[in-house]
Amino acid sequence: MDTENDSYNYETGRHAKLVDWTVYSWFCPNCKSAVAGMKNDKNQIKVKCNVCGAEMIRTVKSRRRDVIEIYAPGYSENGSIKLRRY
């Protein structure tokens, strides 16, 4: 019996839930830097950009349709940014 590829749990008598370990990556629409994340139980990928601080939630709706919600960073994170005159 091959126990490495078997998804059946003999202690509980059930098949184990398959986990999607795919890394989803795209470019931040705000600053064009690469971001990556993993899917949760709700088919959502939650990511925070390291460069600009924008928070994104990518929801997979179907095979050809994804929805990306972008939230601006809070003021407490970028409190040192000041407006300048040019």
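Above: the structure in question.
Residues numbered from 1 in each chain as written. Predicted model: local features only at pLDDT ≥ 70, side-chain atom pairs only at ≥ 80, totals over all residues. Heavy atoms only, no water.

Trainee: For the overall build of the protein chain, give the residues involved together with the corresponding values.
Mentor: When helices and strands are counted, the protein chain shows 0 helices and 7 strands. Reading the secondary structure of the protein chain in the N-to-C direction produces β-β-β-β-β-β-β. (Helix = DSSP H or I, 4+ residues; strand = E, 2+ residues; numbered from the N terminus.)

Trainee: A description of the nonpolar core should follow, citing residues and the corresponding values.
Mentor: The biggest cluster of nonpolar side chains holds 11 residues, and these are Tyr24, Trp26, Cys28, Val35, Ile45, Val47, Cys49, Cys52, Ala54, Met56 and Val60. Those elements giving two or more residues to this core turn out to be β3 (23-27), β5 (44-48) and β6 (55-60). Those residues in contact with Val47, other than ones at most four positions away along the chain, are Trp26, Val35, Ala36, Gly37, Ala54, Glu55 and Met56. (Core = buried A, V, L, I, M, F, W, Y, C linked by side-chain atoms within 4.5 Å. Buried < 20%, exposed > 50% of the residue type's maximum accessible area, 1.4 Å probe, protein only. Contact = heavy atoms within 4.5 Å.)

Trainee: Which residues make up the environment of Ile70, and what values go with them?
Mentor: Note on placement: Ile70 falls in strand β7 (residues 66-71). Taking relative accessible area as the criterion, Ile70 reaches 42% and is therefore assigned partly exposed. Ignoring any residue separated from it by four or fewer positions in sequence, one finds Ile70 in contact with Pro29, Ala54, Glu55 and Met56.

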